[in-house]
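Report on the structure
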Amino acid sequence: MLFSIKRSFVCLIFLANLDFLNVAVALNSNHERGWDNSPKASQVGQVAPVLAEDKTTAQKKKSAEEDQKEKSKELKTTVIKGNLSSLKSFDEVTKEAELKSGYFDLYVKEERVWMAIKPEQLERPFFFSVNIPRSVGERGLYGSQMGSHFIAYFHRSGTRIQLLAKNEEILVPPNTAQANFVEQSYSESLLSSGEIAAQPRAHDQALLIDANAFLFTDIAGYTTNLDMAFRMGLALDTKNSSFFSTQQSSDLTALEVKAHFFAPKLAAPSATPGASSAPPPPKNVPDPRSLFVHFYYNFKQLPEIPMRPRLADERVGYFTQGHFDYATDLTPKSRVHFIKRWRLEKSDPKLASSSVAKPIVYWLDKNIPPQYKASVTAGILEWNKAFEKIGLIGALVVKEQSEKDAFNTMDAQHASVRWFTGSDIGFAIGPSQADPRSGEIIDADIGMSDVFARSARRQVAEDLHAAAHEHSLHSSCHYMDQLASEFDFAQDLLSARGWPMGSAEAEKLAQAYVKNVIMHEVGHTLGLRHNFLSSAAYDLERLKDIDFTQRNGITSSVMDYTPFNFSLTKETQGELVMSSLGPYDFWAIEYGYKVIDPEEESKQLQEIASKSVQPELAYASDEDASVGPGSVDPLVNRFDLGAHPLAYYKKRVLLSQELWRRLESLNLEKNESFERLSRSFLSGFRPLNQIAPLVVKYLGGEHVRRVRAGYGKSVYEPVSQKDQREALSLIESAFFSPQ
């Protein structure tokens, strides 16, 4: 009781002083921005009556006050904006420099670059991103990777220009009380800053900054990545960093920096035997104390009118842009989520089916090996089938970058597919960058590691597995990494069955394999998350029917991690890998991209999402498929197949046993290395190692459904006693039996 009285008393004090605190903070905030906080005459009149005075005296006083205000404004201008008169003229600083006009004008002279910022460009938000076209090639530090991105703006503070990242986590109506307290409650971030380099440009008063000083900094935070990988104190060396390239257009300014990182010495090995040592230094550079990383900085104009956002639904798997919505306090949750998607609009909105006004163009980088371009193109264009079904014709287009094209596909104007490599990789990645105001995807770059394609022909597969997960720092889709292990097993089994590695069949499988991965990664760039429940859509028997899988897929979605669809000896062999989209993919694209009248959107989206109760449209993602606490559904896994996964696990055991039996009778050619036998023998163990923790999920497990009330489905359903006993039997026979 005493506590309640005290709490009520404190609340009353807080409410009584709230207006005073708001005024005080607002005045302080305005003062820091250089605004004139002196009360207007009308405001003074509202607070207290003006004392009666002699008219002449009042006029003199008023004149004196106005003079003081003008002097105060001049002083504030000097303090806040800074005096640039002592600087060299704009023309003198940029003398003999080449003008490159664009979104922000650039002046280039030998190793120096200056950027001109017009007065109207100050405080104006733009899209800013940092990508990594070149890197070290080991331990998670690879080239052709997308980096961080922000909504940023230039702000003048005295004689400096600041690059500030806006806090876009909050949704609030402008010019409201909510806008005031949100601004006072959350901070923006300073990305970089630099001194103004010259007096304003004569014809438009543009301010000049030294881009060398501005961008030869660690905006990307890459030093932390280097520390995580090598623990040797590599630091940015600005004196030996330089600009590598620039790119200009009316709505984009891009600059590529060749940044040098350096450590003065390598750590001496520990003198204590057995003591834990630091990670080894970089091995892919001539001198491990010195390395270069390229940063590609994009300054891109934002869409003038943000795309209409579309609310996410937990039953359909999209990447989302989260916000705290302070527009109202009448909802139970302040957090809202918009799906990430491209802006696709019909050329003729009146037609049920129309060509797309501005399609998504995927550029094939000139670094892609020619033999894979057809498969990459097919993987991209496969998604047009889903868009055509909702009346969007030609949504995806493929173009090839030629040697004459000067642009870098790491810029923010070209969605792309790029090849890259490293000494310890085997993954593909399909990231995107979106406008946080609406979820509109601005840019996407698919990275495809060369190790993966080469592994398809067993040229480097024996070197991949030991390092594939070692010191992995990238946050990415690991489909290709794990699928490369699957392909190793597939090659071993097919070779044992009589498929030569250089045969037309092996080449066809390799190309289908590349198309499959590209379809998966393009799905990510369209906004789709993984769906690890799609593999449970069909019985294993149906997967032997090629006509069925070509129409419906081996799983109901290419966004799953799908193993090779092997049949046992003497069984009918179906398609080995996914060749088309599944029904879930068509449905998910409908939810995210169907053109809907705003007044009908909420109703129609609910109608679309309510179909999730259909088995082929069921969805579960990464957080549901991990092995460990929280992952309780034995149907939600990576690299399983069939509506009854236990049957598939039994088949995988039999396939490994088949491989080992064939190895017993395999005769090596004269002078052939025994390494082939040991590699294939170990290859048979990998599937067993993979399925063991998945079988255990049946014991005490629960089937989990992403459903809502009113559809006759419960969220949780215990795994049947029959399935649990079958799982125990499999564990005993497959992992503990002498046979």
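Keep in mind that what you see is a predicted model, and the values were worked out from it rather than measured.

1. A word on the overall build of the protein chain
Across its full length, the protein chain carries 20 helices and 24 strands. The 739 residues of the protein chain split such that 47% are buried. Put simply, of all contacts in the protein chain between residues at least 6 apart along the chain, 74% involve residues at least 24 apart. When the accessible surface of the protein chain is totalled, it reaches about 36800 Å², and 54% of it is carbon and sulfur.

2. Looking at the nonpolar core
A general feature of soluble globular proteins is that nonpolar side chains tend to end up buried together. Counting 98 residues, the largest nonpolar core has W383 and L526 as its most contacted members. Here the element with the most residues in this core is helix 18 (residues 645–664); it accounts for 8 residues. Listed in part, the 47 residues of the second largest apolar core include V108, F126, F128 and L215.

3. Section: the packing of aromatic side chains
In this structure the tally under the stated criterion is 33 aromatic pairs. Consider the rings of F387 and Y593, whose centres lie 5.1 Å apart with planes at 75°: the pair is edge-to-face. Taken together, the residues span a long stretch of sequence, with F387 in helix 9 (residues 384–389) and Y593 in helix 15 (residues 583–593) at a distance of 206 residues. The pair F387 / Y593 is uniform in exposure class, with both members buried. Seen in terms of ring centroids, W660 and F681 are 5.9 Å apart; in terms of plane orientation they differ by 40°. Their pairing is tilted. You can see W660 sitting in helix 18 and its partner F681 sitting in helix 19 (residues 675–696), a full 21 residues away along the chain.

4. Overview of the pattern of salt bridges
Using the criterion set out here, one finds 33 salt bridges in the structure. E658 serves as the salt-bridge partner of R662, at 2.9 Å between the closest nitrogen and oxygen. Note that R662 and E658 are positioned in helix 18 at a spacing of 4 residues, about one turn of the helix. Owing to a relative accessible area of 3%, E658 belongs among the buried residues under this scheme. Overlapping salt bridges, with partners in common, bring together R529, D622, E623, D624, R638 and R706 in one network.

5. Quick look at the sheet that holds strand 7 (residues 170–171)
Spatial ordering of the open sheet is given by 7-13-14, a layout of 3 strands whose pairing is mixed. Single-partner strands in this sheet number two, and they are strand 7 and strand 14 (335–339). The pairing of strand 13 (residues 320–325) with strand 14 spans 5 bridges and is classified as antiparallel. Its bridge partner lying in strand 14, G322 is registered against H337.

6. Observations regarding the packing of helix 18 against helix 20 (residues 721–735)
It is the contact of helix 18 with helix 20, at a shortest axis distance of 11 Å, that shows an interaxial angle of 10°. The orientation of helix 18 relative to helix 20 falls into the category roughly parallel. Residue-level inspection shows L646, Y649, K650 and V653 of helix 18 in contact with helix 20, the latter providing D723, E726, A727, L730 and A734. Residue composition of the contact of helix 18 with helix 20, grouped by class: 6 nonpolar, no polar and 3 charged.

7. Quick notes on the pairing of strand 12 (residues 290–300)
Two faces, one strand: in a regular strand the side chains alternate between the faces of the sheet. Burial runs high along strand 12: 9 of the 11 residues are buried. Judged from the 6 bridges that link them, strand 4 (residues 126–134) and strand 12 form a sheet pairing that is antiparallel. Directly across from V130, in strand 12, lies its bridge partner Y297. Sheet topology places strand 11 (residues 252–262) next to strand 12; 11 bridges connect them, and they run antiparallel. Paired with E256 across the bridge in strand 12 is Y296.

8. Considerations on the sheet that holds strand 5 (residues 149–157)
Taking strand neighbours across the sheet as the criterion, the 7 strands line up as 8-6-5-4-12-11-10 in an open arrangement whose pairing is antiparallel. Looking at which strands have only one partner, the edges of the open sheet turn out to be strand 8 (189–195) and strand 10 (235–249). Each adjacent strand pair in this sheet contributes to an overall mean axis angle of 30°, direction not counted.

9. A look at the side chain of T253
Tracing the chain through its elements places T253 in strand 11. Residue class for T253 comes out buried when judged on its relative accessible area of 0%. Of note is the side chain of T253, whose polar atom sits 2.9 Å from the backbone nitrogen of F104. Setting aside residues no more than four positions away along its own chain, T253 makes contact with G102, Y103, F104, L106, M115, Q247, Q248, Y297, N298 and F299.

10. Considering unusual backbone geometry
For E123, which is not glycine, the phi torsion reads 65° and is therefore positive. Mapped onto the elements of the fold, E123 is located in the loop between strand 3 (112–117) and strand 4. Note on E123: relative accessible area 43%, which makes it partly exposed.

11. A few points about helix 8 (residues 373–381)
Among the residues of helix 8, K373, S375, V376, G379 and I380 are the ones counted as buried. The arc that holds the buried residues of helix 8, viewed along the axis, is 165°, so those residues lie on one side. Buried residues in helix 8 make contact with strand 16 (360–364), helix 9, strand 18 (396–400), strand 19 (415–420) and helix 13 (504–525).

12. A closer look at the side chain of H703
On the secondary structure map, H703 appears in strand 23 (residues 702–704). Within polar-contact distance, the side chain of H703 engages the side chain of D633 at 3.1 Å. Residue contacts for H703: discarding those within four places in its chain leaves D633, P634, L635, V715, Y716, E717, P718 and V719.

13. Regarding the confidence of the model for the protein chain
Here the protein chain averages 84 in pLDDT, while 83% of its residues score no lower than 70. Across residues 1–62 the pLDDT falls below 50, and counting only partners more than four positions away or on other chains, this stretch makes 20 contacts in the model. Here residues 71–80 is modelled with pLDDT under 50, and outside its nearest four sequence neighbours on either side it reaches 14 contacts, counting other chains as well.

14. Looking at the environment of L528
For L528, the location among the structural elements is in the loop between helix 13 and helix 14 (546–552). Along the chain, L528 and R341 lie 187 residues apart, while their C-alpha atoms are 8.7 Å from each other. Ignoring sequence-local partners within four residues, the contact set of L528 consists of G317, Y318, F319, W383, G523, M559, A588 and I589.

15. Some words on the pairing of strand 10
Pairing analysis gives 10 bridges linking strand 10 to strand 11, with the strands arranged antiparallel. Counterpart to S249 in the pairing with strand 11 is L252. Counting the residues in the hairpin turn of strand 10 and strand 11 gives 2 residues.

Thresholds, definitions, all that
- Residues numbered from 1 in each chain as written.
- Predicted model: local features only at pLDDT ≥ 70, side-chain atom pairs only at ≥ 80, totals over all residues.
- Heavy atoms only, no water.
- Helix = DSSP H or I, 4+ residues; strand = E, 2+ residues; numbered from the N terminus.
- Buried < 20%, exposed > 50% of the residue type's maximum accessible area, 1.4 Å probe, protein only.
- Contact = heavy atoms within 4.5 Å.
- Areas by Shrake-Rupley, 256 points an atom, 1.4 Å probe, with all protein chains shown as cover.
- Core = buried A, V, L, I, M, F, W, Y, C linked by side-chain atoms within 4.5 Å.
- Phe/Tyr/Trp six-rings, centres within 6.5 Å; stacked < 30°, edge-to-face > 60°.
- Salt bridge = Lys/Arg side-chain N within 4 Å of Asp/Glu carboxyl O.
- Pairing = 2+ DSSP bridges.
- Axes fitted to C-alpha atoms, helices over the stretch in contact; angles between N-to-C directions.
- Parallel < 35°, antiparallel > 145°, perpendicular 65-115°, else oblique.
- Nonpolar A, V, L, I, M, F, W, Y, C, P; charged D, E, K, R; others polar.
- Polar contact = N/O pair within 3.5 Å; in protein donor to acceptor, adjacent residues only side chain to side chain.
- Arc of directions from axis to C-beta.
- pLDDT = per-residue confidence, 0-100.

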